[in-house]
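# Structural characterization, general
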Amino acid sequence: MERLDFEQGPIRPPSEAGSLLIRLTRNCPWNRCLFCPVYKDEKFSRRSVAQIKADINAIAEAVERIKSIGSPGGLPGRITRQTVAGVQSEYPELLQIAYWLYGGGKNVFLQDGDSLLLPLKDLLDILSFLKEKLPSIDRITTYARSKTLLRFSQPDMELLRDHGLSRVHVGLESGCDKVLDFMKKGVVGEQHVEAGSRVKAAGLSLSFYVILGLGGLPLWREHALDTAKVVNQVNPDFIRMRTLAIHPASPLYQHSLIGDFIPLSDDQVIREELLFIESLEGIESYFVSDHILNLLEEVEGQLPVAKELMLGIIRRYLNWPAEKREIFRLGRRTGYFRYLNDIEHKELAQPVEKYYTQLQSQNITIDEQIRQLMLRFI
Ligand code: SF4
């Protein structure tokens with residue numbers, strides 16, 4: 001077999017970690033959001049339908065090759081751990097596809113930042129081709145900007161759904177127009193509402209990404225309340241939380257240096273999250289904190305039933321004494337803690353407490369140390 005050759009972009013949502021990545025476009029057509037360090041020096045381009053189909057053909061060929069290895073002693077075509085081990089030693093370039101098949105071969109994510117910018121007829125052609133060549137697929141998802149989604153009428157979106165598109169991940173970031181304007185998101189809250197509502201009405205699944213801390217100190221309250229207002233109007237299937245960390249390569253970094261943007265501390269972010277969740281009403285979204293930058297990963301659950309539970313987790317943290325909160329933050333950012341209860345486990349807490357004492361003796365502030373630690377994750 002010739003070398004497997006297909007293109008992949010740099011990012012995908014955490015929830016698509018096990019998905020096959022098919023690149024439709026390169027980079028981001030907007031590329032202006034102040035908080036975003038991705039793609040900054042990269043130009044946006046659309047890949048041709050022929051290039052994308054060549055990738056899909058290469059992957060389909062790889063799938064057949066992997067299936068032909070099968071599982072020694074197992075059913076023909078069945079992908080097991082042994083199959084993956086066989087691929088690793090014989091065709092290491094196919095390993096990613098082998099893992100995808102081992103996971104069921106069901107999910108695909110279309111890259112990069114705004115793939116629905118391709119003409120509708122090309123998108124339909126690609127979706128059909130993908131399902132024809134890789135029939136095990138049953139979920140196809142993509143990122144899309146709200147502005148891009150507004151190009152599609154309701155029937156257009158239904159066509160995308162009928163051709164296999166299942167879910168759209170939208171960077172809502174905020175529902176507050178002042179925050180969106182400052183961050184140069186290129187969209188206002190009303191457009192988020194319209195785009196999201198159309199996605200939902202077309203029967204597509206919708207993930208909204210919200211960035212905690214994006215309003216900075218002066219706008220934290222408006223950010224929380226207005227974002228909740230937008231989310232409440234749309235009722236997305238998923239609300240996925242991120243916490244702002246200012247990457248030195250993002251334009252926001254310069255703004256923060258000159259005091260144009262005042263970031264929130266961890267505890268202020270958590271108060272903002274509390275207000276945001278308190279303000280969510282009448283929706284049935286699944287709330288997810290599945291990003292390493294979020295301090296309280298366990299704030300997760302199905303709304304509305306889990307709302308009080310999630311608020312309880314946040315209040316428990318906020319009611320802790322300041323030193324305990326600092327130790328938890330340090331433990332979370334150094335990877336010792338995931339959940340609030342972890343701080344009660346001696347073997348986890350001891351190294352963190354030691355580190356905490358060390359920082360204090362060196363006069364290093366916890367906030368500064370945590371800012372540095374968070375940079376590792378962006
Ligand atoms: S639209 Fe997304 S990828 Fe593009 S600049 Fe904004 S955050 Fe970054």
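Residues numbered from 1 in each chain as written. Predicted model: local features only at pLDDT ≥ 70, side-chain atom pairs only at ≥ 80, totals over all residues. Heavy atoms only, no water.

### Overview of the site of the ligand
Taken together, C28, N31, R32, C33, F35, C36, Y39, K40, R145 and K185 make up the full set of residues near the ligand. Split by residue class, the shell around the ligand holds five nonpolar, one polar and four charged. (Near = heavy atom within 4 Å. Nonpolar A, V, L, I, M, F, W, Y, C, P; charged D, E, K, R; others polar.)

### With respect to the packing of helix α13 (residues 322-333) against helix α15 (residues 366-375)
At a minimum axis distance of 10 Å, the contact between α13 and α15 shows a crossing angle of 20°. On the basis of their axis angle, the class for α13 and α15 is roughly parallel. Classified by chirality, the crossing of α15 by α13 is left-handed. Residues E326, R329, L330 and R333 of α13 lie in contact with α15, whose contacting residues are I366, D367, Q369, I370, L373 and M374. Here the residues of the contact of α13 with α15 sort into five nonpolar, one polar and four charged. (Axes fitted to C-alpha atoms, helices over the stretch in contact; angles between N-to-C directions. Helix = DSSP H or I, 4+ residues; strand = E, 2+ residues; numbered from the N terminus. Parallel < 35°, antiparallel > 145°, perpendicular 65-115°, else oblique. Left-handed = near helix turned anticlockwise from the far one by under 90°. Contact = heavy atoms within 4.5 Å.)

### Points about the domain arrangement of the protein chain
For the protein chain, the assigned domains read domain 1 (1-110 + 117-139), domain 2 (144-319) and domain 3 (321-378). When each unit is reduced to the centre of its C-alpha atoms, the spacing between domain 2 and domain 3 is 27 Å. Of the residues lining the interface, 21 residues belong to domain 2; the matching set on domain 3 comes to 16 residues. Here domain 2 packs against domain 3, burying approximately 1,900 Å² in sum over the two surfaces, 54% of which is carbon and sulfur. Inspection of the region where domain 2 meets domain 3 yields five salt bridges. For E297, the salt bridge goes to R332, with nearest N and O atoms at 3.1 Å. Put simply, domain 2 and domain 3 have twelve residue pairs in polar contact (both at pLDDT 80 or more) between them. At the level of elements, α11 (266-278) and α12 (307-318) are the ones that each hand at least two residues to the side of domain 2 that touches domain 3. Take the side of domain 2 that touches domain 3: its biggest share by element is four residues, from α12. (Domains from an automatic or database assignment. Buried area = accessible area lost by both parts, 1.4 Å probe. Salt bridge = Lys/Arg side-chain N within 4 Å of Asp/Glu carboxyl O. Polar contact = N/O pair within 3.5 Å; in protein donor to acceptor, adjacent residues only side chain to side chain.)

### So, the side chain of R47
As for its position among the elements, R47 is in the loop between β3 (45-46) and α1 (49-69). Among the residues examined, R47 registers a relative accessible area of 5% and is labelled buried. Within the structure, R47 has its side chain in polar contact with the side chain of D55 (distance 2.8 Å). For R47, the contacting residues outside a window of four places in its chain are E7, R23, L24, T25, R26, I52, D55 and L118. (Buried < 20%, exposed > 50% of the residue type's maximum accessible area, 1.4 Å probe, protein only.)

### Quick word on the pattern of salt bridges
Applying the stated criterion across every chain, the model contains 27 salt bridges. K178 is the partner of E222 in a salt bridge, and the nearest nitrogen-oxygen pair spans 2.9 Å. Placement of the pair is E222 in helix α9 (residues 216-234) and K178 in helix α7 (residues 177-182), with a sequence separation of 44 residues. E222 gets classed as partly exposed once you look at its relative accessible area, which sits at 29%. Between K229 and D226 there is a salt bridge, with the nearest N and O atoms lying 3.8 Å from each other. On the criterion of helical spacing, the pair formed by K229 and D226 is a turn pair, its members being three residues apart in helix α9. We classify K229 as exposed; its relative accessible area is 52%.

### Things to note about the packing of helix α4 (residues 120-133) against helix α6 (residues 154-162)
Two numbers describe how α4 lies on α6: the axes approach to 9 Å, and their chain directions differ by 20°. Our classification of the angle between α4 and α6 gives roughly parallel. The handedness of the crossing between α4 and α6 is left-handed. Of α6, the residues touching α4 (which contributes L120, L123, L124 and L127) are D156, L159 and L160. Its residues assigned to classes, the contact of α4 with α6 comprises six nonpolar, no polar and one charged.

### Here we look at the side chain of S289
Take S289: it is sitting in the loop between β9 (286-288) and β10 (301-302). On the basis of relative accessible area, S289 is assigned to the buried category, the value being 0%. Each residue touching S289, except ones within four places of it in the same chain, is listed here: M241, E273, N294, L296, E297, V299 and E300.

### Observations regarding the packing of aromatic side chains
Here the structure, examined in full by the defined rule, presents nine aromatic pairs. Ring geometry for Y143 and Y209: centres 6.3 Å apart, planes at 65°, overall edge-to-face. Here Y143 is found in strand β5 (residues 139-143), whereas its partner Y209 is found in strand β7 (residues 205-212), with 66 residues between them in sequence. In this structure, Y143 and Y209 share a single accessibility class: buried. Ring geometry for F276 against F287: centres 6.4 Å apart, planes inclined by 45°, an arrangement best described as tilted. In this pair, F276 sits in helix α11 while F287 sits in strand β9, placing the two residues eleven residues apart along the sequence. We note that F276, like F287, is buried. An aromatic cluster is defined as three or more aromatic residues linked by ring pairs; in this entry it consists of Y317, W320, F328 and F337. Its end group placed over the ring of F152, R151 keeps NZ or CZ at 5.1 Å from the ring centre. The ring centre of F238 lies 4.5 Å from the NZ or CZ of R240, which sits over that ring. (Phe/Tyr/Trp six-rings, centres within 6.5 Å; stacked < 30°, edge-to-face > 60°. Lys NZ or Arg CZ within 6 Å of the ring centre and 35° of its normal.)

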